Amino acid sequence: MKLMFIGSRLFEDVALYTKNKGITSVLTESNPDAPNQNLADVLHRVPRGMDGPKTVAIKEDVDGVVPLIGVDGPLLSLSSLKEDLEENYGIPVVTSPLEAASIAQSKFKTKRFLTENNFPTPPFQSIDMNLSESYFSFPMVLKQSHGQGGVGIEVVNSHHEMIEYLKKFGNALAEEFIAGVEISVEVLGWKGDYIPLVPVYKGKTSTKGTHPLFKVKKAPLEIEGLDNSKNNKMILELAREICRMMGVAGSADLDLIFDGKENLVLEINTRPSGTRYLTYASCNINPLQEMVDMAAGKWNPEKVQYNLKNYFAMEVPVGDFSTKRNSYLYRNFPDSNGWIIHGPPQHQRITIRGETRNSVLKIAQSLKLPS
Ligand SMILES: Nc1ncnc2c1ncn2[C@@H]1O[C@H](COP(=O)(O)OP(=O)(O)O)[C@@H](O)[C@H]1O
Ligand SMILES: [Mg+2]
């Protein structure tokens, strides 16, 4: 079995898995300074874009392609590569087809898709300088169509701040500010099967607009005073239905806010998620490893569904944290209690798994982490 991986930055997440499975790994990377380039069996330096990976996939005669791209920018050209390699060369590419990727890539298209299909989402409208008097009350969230990690997003508290934003960006997707709990859920999709994994708690929304990337996160989601098993089931079904209708493939994630009554969908990302370690810690399914199985033609949705576990998990941003365990060799949870450190310098995170909430807290204390 020979698989090609596009992008070296996340390759450390699957390097051990491919070695253990006896898979020959071919890696393409365009940035000479990117990390993990020495971890694959074969490295091809390619120009930016998808022409290089296409040539390599054909020349190396690989059995499948796993794009490890964690940013939005290349996703549409990746979908075109998928169409080309799958239809003309019979090589599966584990990413979403064009239709799903283009809905996810634009927050305007996402809104249209959600409202047309009656999925719950915060009220919104499109605004620009000509239409700066909005019927929303403040605070209000202003967004750009394209962006991730909070880029281009501001919570504005007054008409004056709104105008300042519009002077900078020209126009905006204006959403009602929802006070509530932030949630993510990852979904695996392949050949018509869709498996939502576990709802993740990402903290509360704030008018300061702190992105969940910088917060402590937990899984499975628990909200005080709520029938959580019922609500979590509802979130999983909502995520499955949305991903089924979009036709996502590989790994995707949904961002939602629970406003006290309803789970409102903010966005869908059709790429490996920043919550993948927390998801893995909690349900014992590692989304990137599943993508490898998909490319290898060995993905078994029944087995994944059957193997879903229910551990307590917590993830803490630690900046820089010195330990010998920050290596691709330490990216597996050996058993029911343990921790993994991952992420680039200055943005490292520690993800803990435990059989009980208490065992998670004990590990956090032993590592001297805030919890
Ligand atoms: N309607 C909203 N109400 C409250 N907070 C919001 C709202 N929309 C976005 N946010 C905040 O901004 C963050 C990023 O928004 P999101 O739409 O997920 O874009 P991104 O692609 O940058 O992640 C959210 O995780 C949340 O903290
Ligand atoms: Mg988001």
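Preceding this paragraph is the structure being described.
Reading the values: the criteria
Numbering of residues starts from 1 in each chain and follows the order in which that chain's sequence is written. Labels follow written order: the first chain is A, the first ligand is 1, and so on. Confidence filtering applies because this is a predicted model: local features only for residues at pLDDT of at least 70, side-chain atom pairs given and counted only at 80 or more, and all residues used for totals across whole chains, interfaces and linings. Only the stretch in contact is used when a helix axis is fitted, and all axes are lines through C-alpha atoms; the angle between N-to-C directions ranges over 0 to 180 degrees. A run of DSSP states H or I qualifies as a helix once it reaches four residues; a run of E qualifies as a strand once it reaches two. Both are numbered from the N-terminal end. Orientation is classified from the angle alone, with under 35 degrees giving roughly parallel, over 145 giving roughly antiparallel, 65 to 115 giving roughly perpendicular, and any other angle giving oblique. Throughout, a residue-residue contact means that the two C-beta atoms, derived from backbone geometry, are no farther apart than 7 Å. Classification used: nonpolar for Ala, Val, Leu, Ile, Met, Phe, Trp, Tyr, Cys and Pro, charged for Asp, Glu, Lys and Arg, polar for all others including Gly. Among buried residues, those of type Ala, Val, Leu, Ile, Met, Phe, Trp, Tyr and Cys that are joined through C-beta atoms within 7 Å form a set called a nonpolar core. Here a residue counts as buried when 20 or more other C-beta atoms fall within 10 Å of its C-beta, as exposed when 12 or fewer do, and as partly exposed in between; the C-beta atoms come from the backbone. When DSSP locates at least two bridges between a pair of strands, those strands are taken to pair.

Asker: Can you walk me through the packing of helix H4 (residues 98-105) against helix H5 (residues 107-116) in this structure?
Answerer: How two helices sit against one another is set out by the angle between their axes and by the gap between those axes. Between H4 and H5, whose axes approach to 5 Å, the crossing angle comes to 110 degrees. Viewed along their axes, H4 and H5 adopt a mutual orientation that is roughly perpendicular. Between H4 and H5, the residues in contact are Ser102, Ile103 and Ala104 and Lys109, Thr110 and Phe113, respectively. Residue classes in the contact of H4 with H5 are distributed as three nonpolar, two polar and one charged.

Asker: Could you clarify how one ought to interpret the nonpolar core in this entry?
Answerer: Nonpolar side chains in soluble globular proteins tend to end up buried together. Counting residues in each nonpolar core, the largest one holds 99 residues, and the members touching the most others are Val65 and Val187. If we ignore the near neighbours within four places in the chain, the residues touching Val187 are Tyr194, Ile195, Pro196, Leu197, Ala239, Arg240, Cys243, Val248, Ala252 and Asp253.

Asker: Help me understand the sheet that holds strand S4 (residues 64-67), please; the structure alone is not making it clear to me.
Answerer: What holds strands together in a sheet is hydrogen bonding between their backbones, with the strands either parallel or antiparallel. One open sheet holds the four strands; their spatial order is S3-S2-S1-S4, and the pairing between them is parallel. Of all the strands in the sheet, the pair left with one neighbour each is strand S3 (42-45) and S4. Across the sheet, the axes of successive neighbouring strands diverge by a mean angle of 25 degrees, strand direction being ignored. In the sheet, strand S2 (residues 24-29) pairs with S3 via four bridges, with the strands oriented parallel. Residue pairing in the sheet places Thr28 in a bridge with His44 of S3. Along the sheet face, helix H9 (residues 287-295) touches strand S1 (2-6) and S4 and points at about 160 degrees away from the line of S4.

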